[in-house]
Amino acid sequence: MQISTRSYCYLLFWFGLIALCAHLSPYFANDYRYFLIQGSHELVSSYMDIVESQYQHYFEWGGRTVAHVIAQLLLFWGKPVSAVVQALCYITLILFIYYNAYGIRPTLKLRFMPIFTITALLFLQLRVFGEVVFNIVSSANYLYTVTIALMFLLPYRISMRHDVQLNSAFLWPLMMVLGLLAGWSNENTAAAVATFVGLYLLYNLKQRRLKFWQCIGYAAFLVGFALLVFAPGNGERFDSMEDKGFDYVGHIDAAFFIFCESLLVNILLLLALAFVIVRVKQHFLQFARPALYHGSMWFVAMGFFALFLMIFSPNFPARAATPFTVFVITGTVGLSELLRIRGHKLMSTPWRRTIVTITSVLMATIIVNMVYNYVLLKNDSNVRMAEISKQLDMGERNLVVSPMRVNTYKYVYAADVRASPEYWTNLIEKNFYQVDSIVRSCDYPKRALDHDFIPLTFFLHEECNLLPKPEVASK
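What you see is a predicted model; the values in this text were computed from it and never measured.

(A) How the structure looks around the overall build of the chain. Helix and strand counts for the chain come out as 20 helices and two strands. Relative to a compact globule of 475 residues, whose C-alpha radius of gyration would be 23 Å, the chain shows 23 Å and is just as compact. Dimensions of the chain, computed from C-alpha atoms along their principal axes, come out at roughly 75 × 50 × 45 Å. Residues classed as buried in the chain amount to 52% of the 475 residues present. By sequence separation, contacts in the chain at least 24 residues apart represent 78% of the contacts at least 6 residues apart. Accessible area for the chain stands at about 21,600 Å²; split by element, carbon and sulfur atoms hold 66% of it.

Encoded structure:
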């Protein structure tokens with residue numbers, strides 16, 4: 001197979017798109033928190049400041065040191081450097097989904113249709129796409145960590161194919177580094193990976209095929225996982241949540257609803273998975289290439305398990321469905337390869353062309369809408385910065401800012417301050433600017449639909465019409 005120019009032009013388009021939108025995306029919410037050294041009002045101004053900040057963070061707030069080092073590095077580098085890194089990470093994610101789907105070594109020989117399928121499913125099915133891909137702190141916690149997990153998993157996935165030999169002398173130091181980083185990343189992703197890699201190693205032990213590098217990688221992963229979950233800051237944060245009235249038992253009902261909602265949002269991916277499994281079993285292909293079949297189902301099960309674990313987490317944000325979507329895409333693409341290599345078509349040519357055309361038109365429409373909204377946000381952010389600077393120069397301690405013209409939806413993250421000075425983003429920015437309060441002059445009406453069910457807001461900018469009480473703005 002030769003290098004596909006079309007595949008690389010297509011990936012270059014996605015690189016440019018992600019870099020552009022990441023560059024246009026303003027800083028929001030937790031970005032302002034991680035601009036500062038943990039526990040202080042000092043801006044991060046050196047790499048040693050990041051080390052100091054994450055040391056304090058580990059004992060005061062949580063164990064996601066790897067993710068938050070990435071976040072503070074990106075914020076420290078600033079834009080456009082961080083935007084380029086975001087785009088590189090997104091392309092790396094696409095490539096490692098591709099490599100893991102087929103259980104192959106990293107290669108430049110890429111087929112276009114699998115790359116198109118991966119990018120389409122990511123774009124259309126990833127929950128809160130704008131937050132996970134463009135917002136710096138959220139992407140550090142989910143986009144980067146799931147990419148590191150896929151890099152760690154690839155040697156295990158390749159080893160399921162007994163026809164491919166791996167250089168163990170090169171692998172064991174690499175797996176030590178990747179294992180530590182992947183384990184010390186994100187709780188539900190790491191727990192799911194730990195479980196399914198552990199099961200695979202037990203199977204290899206039973207089959208007398210267990211390798212030294214596999215044990216080294218898994219041991220390093222468990223060390224990283226222990227550093228993640230046993231961080232003193234996790235207990236401090238949970239105690240803080242309970243002090244504010246958090247009820248863990250009552251939370252499980254709400255978490256189960258979010259679990260079901262995440263499955264609903266991923267309905268296209270689940271339908272694609274079900275269709276591919278039916279087609280594979282119609283031709284009994286699960287017996288033709290068992291390594292490819294079981295490796296793909298391994299990823300599918302790992303994805304569902306990662307999402308299921310979130311039911312028991314004290315906090316279940318929509319972005320936590322990221323590893324589920326990524327792992328299930330990996331498994332689905334891998335299963336479809338069973339049909340191709342045995343000479344069976346997944347669907348007829350007219351149906352394939354129709355689906356590709358509809359998907360392309362839909363993505364193009366969403367992309368135009370997304371870029372348009374990020375341009376609006378960038379302009380509004382410039383106005384916002386001028387408003388804040390003017391008020392600070394005048395010695396104002398209670399800041400009032402104009403609303404931005406774009407409200408958060410699936411592809412755009414706009415976690416702006418609200419009219420209430422006690423809203424969580426207001427408190428973060430209040431601390432950042434060291435003022436008594438910061439409020440927005442009005443709020444958008446509450447939506448009936450979740451953000452993930454709003455793919456377009458081209459002509460649907462709501463009126464910001466709920467004015468705060470006068471005494472709040474001047475208090």
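(B) Quick peek at the state of the cysteines. Under the defined criterion, the tally for this structure stands at zero disulfides. With no disulfide of its own, Cys9 lies closest to Cys21 among cysteine sulfurs, the gap being 20 Å. Given a relative accessible area of 48%, Cys9 falls into the partly exposed group. Between Cys21, a cysteine without a disulfide, and Cys89, which holds the nearest cysteine sulfur, the sulfur-to-sulfur distance is 16 Å. Residue class for Cys21 comes out buried when judged on its relative accessible area of 0%.

(C) Highlighting the packing of helix H4 (residues 65–77) against helix H9 (residues 143–159). Two elements in contact, H4 and H9, have axes separated by 9 Å at closest approach and are oriented at 125°. With respect to H9, the element H4 is oriented oblique. When you trace H4 past H9, the crossing you get is right-handed. On the side of H4, the interface is formed by Val66, Ala67, Ile70 and Leu74, while H9 contributes Tyr144, Thr145 and Ile148. Here the residues of the contact of H4 with H9 sort into six nonpolar, one polar and no charged.

(D) Inspection of the packing of helix H15 (residues 267–282) against helix H16 (residues 290–309) at higher detail. The geometry of H15 relative to H16 is characterised by a closest axis approach of 13 Å and an angle of 150° between their N-to-C directions. One finds that H15 runs roughly antiparallel with respect to H16. Crossing of H15 over H16 shows left-handed handedness. On the side of H15, the interface is formed by Leu270, Leu273, Ile277, Val280 and Lys281, while H16 contributes Tyr293, Met297, Val300 and Phe304. Residue composition of the contact of H15 with H16, by class: eight nonpolar, no polar and one charged.

(E) Region of interest: the pairing of strand S1 (residues 398–401). Pairing analysis gives four bridges linking S1 to strand S2 (residues 437–440), with the strands arranged parallel. When the sheet's bridge partners are listed, Val400 is paired in S2 with Val439.

(F) Main features of the side chain of Thr119. Locating Thr119 in the fold gives a position in helix H6 (residues 112–125). What makes Thr119 buried here is its relative accessible area of 0%. If we skip the residues at most four places from it in the chain, Thr119 touches Tyr10, Trp14 and Ile94.

About the criteria used
- Residues numbered from 1 in each chain as written.
- Predicted model: local features only at pLDDT ≥ 70, side-chain atom pairs only at ≥ 80, totals over all residues.
- Heavy atoms only, no water.
- Helix = DSSP H or I, 4+ residues; strand = E, 2+ residues; numbered from the N terminus.
- Rg over C-alpha atoms; globule rule 2.2 N^0.38 Å.
- Buried < 20%, exposed > 50% of the residue type's maximum accessible area, 1.4 Å probe, protein only.
- Contact = heavy atoms within 4.5 Å.
- Areas by Shrake-Rupley, 256 points an atom, 1.4 Å probe, with all protein chains shown as cover.
- Disulfide = S-S within 2.5 Å.
- Axes fitted to C-alpha atoms, helices over the stretch in contact; angles between N-to-C directions.
- Parallel < 35°, antiparallel > 145°, perpendicular 65-115°, else oblique.
- Left-handed = near helix turned anticlockwise from the far one by under 90°.
- Nonpolar A, V, L, I, M, F, W, Y, C, P; charged D, E, K, R; others polar.
- Pairing = 2+ DSSP bridges.

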